[in-house]
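# A look at the structure
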Amino acid sequence: MNFFQSPGGSGCGTSGPASCQSTNTPPAANTCCFESPGGLIMQTQVWDTDVAGSPADSWTIHGLWPDNCDGTYIENCDPSRDYKNIAELLESQGASSTLEFMQQYWLNNHGTNERFWEHEWATHGTCYSTLDVSCLPSDSPTGAEAVAYFETVVKVFKTLPTYDWLAEAGITPSSSETHTLSSLLSALETASGGYTPALTCSRSHTLSSISWYFNLKGSVIDGDFVPINTPKQSSCPLKGIKYLPKEG
């Protein structure tokens, strides 16, 4: 069992301030336990209707992205850690169950799942300050921080059952029905405990993705993801939104 799954975890705790909630950003030495500058964390899910094997009763994972507190962002922060063969990395470090979940709920609509996972880690995962190699125990295996990233993405995604929350309000995929933006957001706000996500629609007014926002207390490894309202507007129209069934 690796240290991410051990009782001690990151050693940071969750009693400190939440990211983006204070103008007093701690010095660089403390960014192992305080996410900075990317403390506006976005868990994005997609509703792809034409990806083979995509579950008909669940949205799927796009990623977990560390935007800066002002809504800007940085990407590809450490090319030296652009790990390849994510599946092998997960299996070799005791995260086979995470891999199995990803193979079902983190799917690429253009190319292999492996390439998608590699992209998400390299583009976004390497930008988390609390996942810097210097924050890990000295005896950590190579890629341990990437394993922690994927485990956390899956953990956060599991707390956000978007499909189920919409279904509880009677909103399910249909080839004929359309919805208002307010009805979709109201259903999601009610089910999530009052938090507003951002919805994205295609040019044909078809629902395509959703982003849930968080601040973070402690480390990405085992910290407390504090839900917040989206700081951005949904891109969907006010009415006539299509939520189409998946094709297969």
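This structure is a prediction, so every number in the text was calculated from the model and none was measured.

This part covers the environment of Gly-53. For Gly-53, the position within the fold is in the loop between β1 (40-46) and β2 (60-67). Judged by its relative accessible area of 60%, Gly-53 falls in the exposed class. Linking Gly-53 and Gln-104, residues 51 residues apart in sequence, is a C-alpha distance of 7.7 Å.

Reported here for the largest pocket is a volume of approximately 190 Å³. Top contributing element to the lining of the largest pocket by residue count: helix α4 (residues 144-158), with 6 residues. Considering only residue class, the lining of the largest pocket consists of 5 nonpolar, 3 polar and 4 charged.

Our next topic: the nonpolar core. Within the largest apolar cluster, 55 residues are counted, with the highest numbers of intra-cluster contacts made by Trp-106, Tyr-149, Phe-150, Leu-199 and Leu-207. Here this core takes 10 residues from α4, the largest share from any one element. When residues no more than four places from it in sequence are discounted, the contact partners of Tyr-149 are Leu-64, Trp-106, Glu-120, Trp-121, His-124, Gly-125, Tyr-128 and Leu-131. Membership of the second largest hydrophobic core comes to 5 residues, among which are Leu-40, Met-42, Trp-65 and Ala-198.

This paragraph deals with the packing of helix α3 (residues 113-123) against α4. Running from N to C, α3 and α4 point in directions that differ by 105°, and their axes come no closer than 11 Å. With respect to each other, α3 and α4 are oriented roughly perpendicular. Between α3 and α4, the contacting residues are Trp-117, Glu-120 and Trp-121 on the first element and Glu-145, Ala-146, Tyr-149 and Phe-150 on the second. Looking at the contact of α3 with α4 residue by residue, the classes come out as 5 nonpolar, no polar and 2 charged.

This part is about the packing of aromatic side chains. Under the definition given, this model contains 15 aromatic pairs. Ring geometry for Trp-59 and Tyr-243: centres 6.1 Å apart, planes at 40°, overall tilted. Remark: Tyr-243 occurs in the segment after β7 (241-242) and Trp-59 occurs in the loop between β1 and β2; sequence separation between them is 184 residues. Note on accessibility: Trp-59 and Tyr-243 belong to one class, buried. Among the aromatic residues, those joined into a cluster by ring pairs are Tyr-83, Trp-106, Phe-116, Trp-121, Tyr-128, Tyr-149 and Phe-150. A cation over an aromatic ring shows up here: Lys-158 above the ring of Phe-101, its NZ or CZ 4.7 Å from the ring centre. For Lys-246, the ring lying beneath its charged end belongs to Trp-47, and the centroid distance is 4.4 Å.

Moving on, we get to the side chain of Thr-162. With respect to the helices, strands and loops of the structure, Thr-162 is situated in helix α5 (residues 162-168). At 2.9 Å, the side chain of Thr-162 forms a polar contact with the side chain of Gln-45. Those residues in contact with Thr-162 that lie beyond four places of it in its chain are Gln-45, Trp-59, Leu-188, Ile-210 and Trp-212.

Moving on, we get to the pattern of salt bridges. Enumeration over the complete set of coordinates arrives at 3 salt bridges. Residue Asp-78 pairs with Arg-81 through a salt bridge whose shortest N-O separation is 2.8 Å. What makes Arg-81 buried here is its relative accessible area of 5%. In the salt-bridge network here, residues are joined through shared partners; they are Asp-78, Arg-81 and Glu-145.

The predicted model of the protein chain averages 93 in pLDDT, with 94% of residues at 70 or higher. In this model, residues 1-8 is a region of pLDDT below 50 whose contacts with residues beyond four sequence positions or in other chains number 18 contacts.

Rules used in this analysis
Residues numbered from 1 in each chain as written. Predicted model: local features only at pLDDT ≥ 70, side-chain atom pairs only at ≥ 80, totals over all residues. Heavy atoms only, no water. Helix = DSSP H or I, 4+ residues; strand = E, 2+ residues; numbered from the N terminus. Buried < 20%, exposed > 50% of the residue type's maximum accessible area, 1.4 Å probe, protein only. 1 Å grid on protein atoms, 1.4 Å probe; cavity = no way out; pocket = protein on both sides within 12 Å on 5 of 7 lines; lining within 4 Å. Points joined across faces, edges and corners; volume = space filled by probe spheres on them. Nonpolar A, V, L, I, M, F, W, Y, C, P; charged D, E, K, R; others polar. Core = buried A, V, L, I, M, F, W, Y, C linked by side-chain atoms within 4.5 Å. Contact = heavy atoms within 4.5 Å. Axes fitted to C-alpha atoms, helices over the stretch in contact; angles between N-to-C directions. Parallel < 35°, antiparallel > 145°, perpendicular 65-115°, else oblique. Phe/Tyr/Trp six-rings, centres within 6.5 Å; stacked < 30°, edge-to-face > 60°. Lys NZ or Arg CZ within 6 Å of the ring centre and 35° of its normal. Polar contact = N/O pair within 3.5 Å; in protein donor to acceptor, adjacent residues only side chain to side chain. Salt bridge = Lys/Arg side-chain N within 4 Å of Asp/Glu carboxyl O. pLDDT = per-residue confidence, 0-100.

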